[in-house]
Amino acid sequence: QEQLVESGGGLAQPGGSLRLSCTASGFTGGISVLTMSWYRQAPGLKRELVATHTKFGHAVNYPRSVQGRFTISRDNANNTVYLQMNNLKPEDTAVYFCSAITDASTYWGKGIQVTVSS
């Protein structure tokens, strides 16, 4: 059964860094054949696409607010995708979700809390 598990969240101070990990299991072919993305959802707001790493190797950050600060990467051998978050701001506080897109469906992790506060 396909599963995505996020880790690495928690509390960070403004200006600090966190690295989120998403480990996938149960996907035929592993994540090398999948487009992987990170989303986030802050309280009272819609889920927002943060970054995507396509199965072709292209990495894209979507909101201008994270460009230059967040970097998505993947380790296909370990079926893990990462989101390196630097220079964190209070507005980055949200639940962060990992997703995997196959030809047939989109899968989601349960999400992990990131809180940026002094």
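Everything quoted here is computed from the prediction, not taken from an experiment.

Chemist: I'd like a rundown of the pairing of strand S8 (residues 80–85), residues and numbers included.
Modeler: The buried fraction of S8 amounts to 5 of the 6 residues, a majority that puts the element mostly inside the structure. In the sheet, strand S3 (residues 18–25) pairs with S8 via 6 bridges, with the strands oriented antiparallel. For Leu20, the partnering residue across the bridge sits in S8 and is Leu83. Pairing analysis gives 6 bridges linking strand S7 (residues 70–75) to S8, with the strands arranged antiparallel.

Chemist: Please set out the sheet that holds strand S1 (residues 3–7) residue by residue, giving values where relevant.
Modeler: The sheet built from 4 strands is open, its strands ordered S1-S3-S8-S7 with antiparallel pairing. Taken across any chain shown, the strands that pair with only one partner, and hence form the sheet edges, are S1 and S7. Taken over all neighbouring pairs, the strand axes of this sheet differ in orientation by 15° on average, direction set aside. Summarising the sheet, S1 and S3 pair through 5 bridges and their orientation is antiparallel. Bridge pairing links Glu6 to Cys22 in S3.

Chemist: Please give an account of the pattern of salt bridges that cites residues and values.
Modeler: Under the criterion given, the structure shown has 3 salt bridges. A salt bridge links Arg40 to Glu48, with the shortest nitrogen-to-oxygen separation between them at 2.8 Å. By relative accessible area, Arg40 is classed as buried at 6%. Across the pair Arg40 and Asp92 runs a salt bridge whose closest N-O atoms are separated by 2.9 Å. Taken together, the residues span a long stretch of sequence, with Arg40 in strand S4 (residues 35–41) and Asp92 in the loop between S8 and strand S9 (94–101) at a distance of 52 residues. Via salt bridges that share partners, Arg40, Glu48, Arg69 and Asp92 belong to a single interconnected network.

Chemist: Give me the pairing of S9: which residues, what numbers.
Modeler: Among the 8 residues in S9, 6 count as buried, and that is most of the element. Both S4 and S9 contribute to a ladder of 7 bridges, which runs antiparallel. Opposite Gln41, over in S9, you have Val95 as the bridge partner. The pairing of S9 with strand S11 (residues 112–116) spans 3 bridges and is classified as antiparallel. By the bridge assignment for S11, Val95 is matched with Gln113. As judged from the 3 bridges shared by S9 and strand S10 (residues 106–108), these two strands associate in the antiparallel manner. When the bridges of S10 are listed, Ser99 appears paired with Trp108. Hairpin connection from S9 to S10: 4 residues lie between these consecutive antiparallel strands.

Reading guide: rules and limits
- Residues numbered from 1 in each chain as written.
- Predicted model: local features only at pLDDT ≥ 70, side-chain atom pairs only at ≥ 80, totals over all residues.
- Heavy atoms only, no water.
- Buried < 20%, exposed > 50% of the residue type's maximum accessible area, 1.4 Å probe, protein only.
- Helix = DSSP H or I, 4+ residues; strand = E, 2+ residues; numbered from the N terminus.
- Pairing = 2+ DSSP bridges.
- Axes fitted to C-alpha atoms, helices over the stretch in contact; angles between N-to-C directions.
- Salt bridge = Lys/Arg side-chain N within 4 Å of Asp/Glu carboxyl O.

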